[in-house]
Amino acid sequence: MYKIAVIGDKDSILGFGALGLETHFAKDSMDASQILNRLAKENYGVIYLTEEYALGAENVIARYQDQMTPAIILIPGAKGSLGIGMRAVSKSVERAVGADILFKDQS
Amino acid sequence: MAVMNVNPTRMELKRLKKRLETAQRGHKLLKDKRDELMKQFLEIVKENRILRTEVEERLSRANKSFLLARASLSGEAIETAILYPLQTAALSITTKNIMSVNVPRFSYELSNSDPSAIYPYGFAATSSELDAAIYHLSDVLERMLKLAESEKSAQLLAQEIERTRRRVNALEYVMIPDLRDTIKSITMKLEENERGNITRLMKVKDMMVKQQIEQHRANEE
């Protein structure tokens, strides 16, 4: 059985605890990448990370991108969506196709 | 024009021709694989995009109600209220094979099936805003998992497509032209040898004929 974790600042992710997900509070993106690295070694299937902290943790995220687990998924934090998660989707399109063919009109 | 460093012999020519044939077949197969992967990938990405917009919208709604809850309750009160959840979520992963790329399928199970188990606190000490916030979150959880599934699939497929595309290009623009050029140059060299041989034979024949004519004349005199 795998576990689901949520990493972010307290305001953004406190509520997930009530649903039975594991919440890990981070102070900044450095802290978040450390937690991310630690959790990736254990059996977490999905790790949700707030966009705000994802900004400074790109290389850690990239490291686990080609593995099946953990799936690191960006979610908007308390401050609302920053559009980083969406950009990650268009980036994978770019990687596959060589050019961004789906999101051109938006960004 | 890049000719490989091989001996221009008939054996080598035969070997190269066989290699070219294999390369062409491989190229065709890989191209088909790439096209099909791309088709699947674009479908997943489209789904992913819709899911993400929805999840982001719902999550920000949940965050807004959470903000309201924080305004009406102290931080400590909220923390103590949800410190000990009544349910835990266990995730099980199965894999699905898309064009020989293994992508995960997530499904989760809650240890407590009671729908009220998402509220691990007494209602006396908390406000209804907190209930609303947590209700919104639990509402979006399933979609978040779907999102994780499709996003991971998209990433894994993107990696595979990139690799396949590189292989196709390497075959199309390097391997196959190189093999063609080498085959051509070997054929030309062999033909040249053949022509040289024929001229030599003709020359030798000429010389022999001349010799015989001279001998004939000498005999007559």
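The structure this text deals with has already been given above.
No experiment lies behind these values; they were computed from the predicted model shown. (Residues numbered from 1 in each chain as written. Chains lettered and ligands numbered in written order. Predicted model: local features only at pLDDT ≥ 70, side-chain atom pairs only at ≥ 80, totals over all residues.)

Caption draft 1: Molecular detail of the sheet that holds strand β4 (residues 71-75) of chain A. All names here are of chain A. The strand order across the open sheet built from 4 strands is β2-β1-β3-β4, with neighbouring strands paired in parallel fashion. The open sheet has two edge strands with one neighbour each: β2 (22-25) and β4. Mean inter-strand twist for the sheet, computed between neighbouring axes without regard to direction, equals 25°. Along the sheet, helix α2 (residues 29-41) contacts β1 (3-8), β2 and β3 (44-50); its crossing angle with β3, the most-contacted strand, is approximately 175°. (Pairing = 2+ DSSP bridges. Helix = DSSP H or I, 4+ residues; strand = E, 2+ residues; numbered from the N terminus. Axes fitted to C-alpha atoms, helices over the stretch in contact; angles between N-to-C directions. Contact = placed C-beta atoms within 7 Å.)

Caption draft 2: Region of the structure containing the nonpolar core. If you look at the biggest cluster of nonpolar residues, it comprises 66 residues, and the most contacted ones within it are Ile7, Val46, Ile47, Leu49 and Ile73 of chain A together with Phe41 and Leu157 of chain B. No other element matches helix α3 (residues 128-220) of chain B, which puts 15 residues into this core. With near-sequence residues (within four places) excluded, Ile7 of chain A lies in contact with His24, Ala26, Ala32, Ile35, Leu36, Ile47, Leu49 and Tyr53 of chain A. (Core = buried A, V, L, I, M, F, W, Y, C linked by C-beta atoms within 7 Å. Buried ≥ 20, exposed ≤ 12 C-beta atoms within 10 Å, placed from the backbone.)

Caption draft 3: Main features of unusual backbone geometry. Residue and element names in this part refer to chain B. If you check the backbone angles, Met99 has positive phi at about 50° while not being a glycine. Along the chain, the position of Met99 falls in the loop between β1 (89-98) and β2 (101-110). Positive phi values are uncommon outside glycine, yet Ser100 reaches one of about 60°. Note that Ser100 resides in the loop between β1 and β2.

Caption draft 4: Fine view of the interface of chain A and chain B. Chain A puts 35 residues into the contact, and the matching count from chain B is 49 residues. Counting only elements with at least two residues in the side of chain A that touches chain B, the list comes to β1, β3, β4 and α5 (84-97) of chain A. Per-element accounting of the side of chain A that touches chain B gives the leading share, 7 residues, to α5 of chain A. Taken together, the residues of the side of chain A that touches chain B sort by class into 21 nonpolar, 11 polar and 3 charged. (Nonpolar A, V, L, I, M, F, W, Y, C, P; charged D, E, K, R; others polar.)

Caption draft 5: Fine view of α2 of chain A. Residue and element names in this part refer to chain A. With 13 residues, α2 should cover 18 Å at 1.5 Å per step; its first-to-last C-alpha distance of 19 Å lies within 8% of that length. Listed in full, the buried residues belonging to α2 are Ala32, Ser33, Ile35 and Leu36. Buried residues in α2, looked at end-on, bunch into an arc of 165°, giving them a common side. When the buried face of α2 is taken as reference, the exposed residues oriented beyond 90 degrees from it are Met30, Arg38 and Lys41. Considering only its buried residues, α2 is in contact with β1, β2, β3, α3 (51-54) and α4 (58-63). (Expected span 1.5 Å × (residues − 1). Arc of directions from axis to C-beta.)

Caption draft 6: Layout of the pairing of β3 of chain A. Residue and element names in this part refer to chain A. Along β3, 7 of the 7 residues are buried, which leaves the element largely enclosed by surrounding structure. Where β1 meets β3, 5 bridges bridge the pair, whose relative direction is parallel. Counted as the bridge partner of Ile7 is Leu49 from β3. With 5 bridges connecting them, β3 and β4 associate as parallel partners. Across the sheet, residue Ile47 finds its bridge partner in β4, namely Ile72.

Caption draft 7: Up close: α5 of chain A. Taking 1.5 Å per residue as the helical rise, α5 of chain A with its 14 residues ought to reach 20 Å, and the 20 Å between its terminal C-alpha atoms agrees with that figure. Buried within α5 of chain A we find Gly85, Met86, Ala88, Val89, Ser92, Val93 and Ala96 of chain A. Axial view of α5 of chain A: buried residues confined to an arc of 160°, hence all on one face. Of the surrounding elements, those touching the buried residues of α5 of chain A are α3 and β4 of chain A together with α1 (10-72) and α3 of chain B. A positive phi of about 100° marks Gly98 of chain A, the residue just after α5 of chain A.

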